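Each chain, letter by letter, is given below.
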Protein chains: 2
Amino acid sequence: MLDVCLLGVGGMMPLPDRFLTSMLFRLNGKMLLIDCGEGTQVTAKLLGWGFKNIDIICFTHLHADHISGLPGLLLTIGNSGREENLLIIGPKGTKRAYDGLSTIFPELPFNVDIIEIDIDEENNISEEINISGFNIQAMFMEHKIPCFSYKIEVKRTGKFLPEKAISLNIPRELWGVLQKGNEVEHNGKIFKPNMVLGENRTGIKVCYCTDSRPLERMHSFIYKSDLFVCEGMYGEEEKKEGAIAKKHMIFSEAATMAKYGNVDELWLTHFSPALTQPQEFIQNATNIFKNTIIGYDRISKTIYFKD
Amino acid sequence: MLDVCLLGVGGMMPLPDRFLTSMLFRLNGKMLLIDCGEGTQVTAKLLGWGFKNIDIICFTHLHADHISGLPGLLLTIGNSGREENLLIIGPKGTKRAYDGLSTIFPELPFNVDIIEIDIDEENNISEEINISGFNIQAMFMEHKIPCFSYKIEVKRTGKFLPEKAISLNIPRELWGVLQKGNEVEHNGKIFKPNMVLGENRTGIKVCYCTDSRPLERMHSFIYKSDLFVCEGMYGEEEKKEGAIAKKHMIFSEAATMAKYGNVDELWLTHFSPALTQPQEFIQNATNIFKNTIIGYDRISKTIYFKD
């Protein structure tokens, strides 16, 4: 099972009653954060999942409302007693931004590794990165500066099939290791997990998309997600022109992606500060994709494997 | 009159119920801010004085909890329509920190000027800087990194004395200019304000001191302040040793400076996150300096000229 929490639902600037958009994932006690604007550590504190086990921080892009909370968060993670390396993933320029921000937090009690994902409009999907059980993939989006959507998956191996293991004469002492999905060498012979497992089962898939125009290639990227978290900067249909100019989306555009992506559920987020009552415009989304929820600070969910 | 507001009273990290320590001054519609940690723009928004007229931002030092809110605040000031230059004042390293942080806010609709004040342990008091009616002076403190206290004064000229102007044969058309404290040349002769004014009157004086050990030289720096805002990281007397090690203060040390500085009023701030109920320890301060107030987010006051 995977716990997810949308820590905030604001865009542009933090407001007294709305934190900036970011999302926290928790899997077997390990955590992954996407985006970290000013105040993200405060809403994370209100959530109460702790800070020490944040292993990975992914950035969609390097606009201040998505990254300005990084110095404070890293210091708070340091104060929580973390000593293990922390991984930061983001677009080109992430190292430069990190170095710039680090002028105000010169020392941390842990090392920070940085992966800059090299994708662009042409070559628009990244390799998968596996870390702490999270399978991470980025898609290049359409914003004013390079911006990624992220797919976070928890993959699931097939069912353990003892009859298969017996028929292939797999030594019984190897069953446990193979069952967990690991290869093993025994008496000079390689044994693979698929020798004791059935077909891969459906895992858990959550996609996060903010600060972009809608894109057709997202339909396959988010296909059959358990949850699709997507920006809806504006609720009103008549704000579409403004959304096009500012490289954002209106509710109906997010809902259209959710529909063609055939996802289970859509959470809208990254509301304009002027959109004080996003609930008023929910029908602009639900008319297209019924299972739409207007996100709010710290909306959370536990997602289970389907079978 | 001068409006002052302590925007937050926290130290180290922003908390759900306590913003980081910073202070806003307003004089004739112009504003000066001291320190800007993560979330300062949110508490400033709750206060409601607006953002456009923040002319000056002073930094005590360059630790993240005092400066990490700068990128977001500058963007919000930009969104408020400001186009006039903004002045940043701070210790050596302020330009470098600004350049580092600016990697996440590449463009602003106004220019930023930066003054790095060059004082140290030996030469520990700065020149006075006059801007937007605020008279600003810095004192070098004792912290882990270079750190300043600030004295913000509103100076007040003497009373206009028409009998003095008449006795010195000052042309009547010059009275208005001189009365406002400006020199003027007329028919090749220089006229000075003191030719029409009485003795300078007492102005308004507010001092702000955070992130330091107490220092004797502060007694004269803060002498007869209308308001002295000072850190009290810990309330308990038995935490003095920890305060010495971490270069902070306990309540009784702040109160002792207030007493010897003969100030009107002391507001304590910059409480440790562990100090959840600072009110419990107020007697450790009031036993020494009676007029002590435990600061809280957005405690405000209007200070008037005394006569």
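A short tour of the structure in this document, coming up. Model, not experiment: these values are computed from the prediction. Numbering of residues starts from 1 in each chain and follows the order in which that chain's sequence is written. Naming scheme: in the order in which they are written, chains are lettered from A and ligands are numbered from 1. Side-chain atom pairs in this predicted model are given and counted only at pLDDT of 80 or more, local residue features only at pLDDT of at least 70, and totals for whole chains, interfaces and linings cover all residues. For side-chain calculations, the full set of non-hydrogen atoms in the structure is used, while hydrogens and water are omitted.

## Here we look at the pairing of strand S13 (residues 227-231) of chain B
All names here are of chain B. The line we're drawing: Only protein chains enter the calculation, and the probe is 1.4 Å; a residue is then buried if its accessible area is under 20% of its type maximum, exposed if over 50%, and partly exposed in between. Going along the chain from the N terminus, every DSSP run of H or I of four or more residues is numbered as a helix, and every run of E of two or more is numbered as a strand. When DSSP finds two or more bridges between a pair of strands, those strands are recorded as paired.
Taken across its 5 residues, S13 has 5 buried, putting it largely inside the fold. Of the strand pairs in this sheet, strand S12 (residues 201-209) and S13 are connected by 4 bridges, and their pairing is parallel. Following the sheet pairing, Tyr208 is matched in S13 by Val229. As defined by bridge partners, S13 adjoins strand S14 (residues 266-269) across 4 bridges and the pair is classed as parallel.

## Section: the relation of the copies chain A and chain B
Quick note on the threshold: Here the copies are matched by least squares. The fit uses the C-alpha atoms of residues with pLDDT of at least 70 in both.
After a rotation of 180° and a shift along the axis of 0.1 Å, chain A superposes on chain B with an RMSD of 0.1 Å. Overall, the copies show the geometry of a two-fold rotation axis. Within chain A, the C-alpha atom positioned nearest to the axis of rotation is that of Gly100(A), 1.7 Å from it.

## Things to note about helix H9 (residues 251-260) of chain A
All names here are of chain A. Burial runs high along H9: 7 of the 10 residues are buried. Regarding H9, the residues found buried are Phe251, Ser252, Glu253, Ala254, Ala255, Met257 and Ala258. At the C-terminal side of H9, Asn262 shows a positive phi close to 55°.

## Some remarks on the interface of chain A and chain B
For the record, the criterion: Every residue pair with non-hydrogen atoms within 4.5 Å of one another is taken to be in contact. As used here, buried area is the combined drop in accessible area, with a 1.4 Å probe, of two parts when they are placed together. A 3.5 Å cut-off defines polar contacts: any pair of N or O atoms within that distance qualifies, except that in protein one atom must be a possible hydrogen donor and the other a possible acceptor, and neighbouring residues in sequence count only when both atoms are side-chain atoms. When residues are grouped by polarity, Ala, Val, Leu, Ile, Met, Phe, Trp, Tyr, Cys and Pro land in nonpolar, Asp, Glu, Lys and Arg in charged, and all others, Gly among them, in polar.
The partner chain B presents 29 residues to the 29 residues of chain A that form the contact. Summed over both partners, the interface of chain A with chain B comes to about 2300 Å²; 70% of that surface belongs to carbon and sulfur atoms. Where chain A packs against chain B, one counts 4 residue pairs in polar contact (both at pLDDT 80 or more). Mapped onto the side of chain A that touches chain B, the elements with two or more residues apiece are helix H1 (40-47), helix H2 (64-67), helix H3 (70-79) and helix H4 (94-101) of chain A. With 5 residues, H1(A) is the largest single contributor of residues to the side of chain A that touches chain B. Here the side of chain A that touches chain B is built from residues that sort into 14 nonpolar, 12 polar and 3 charged.

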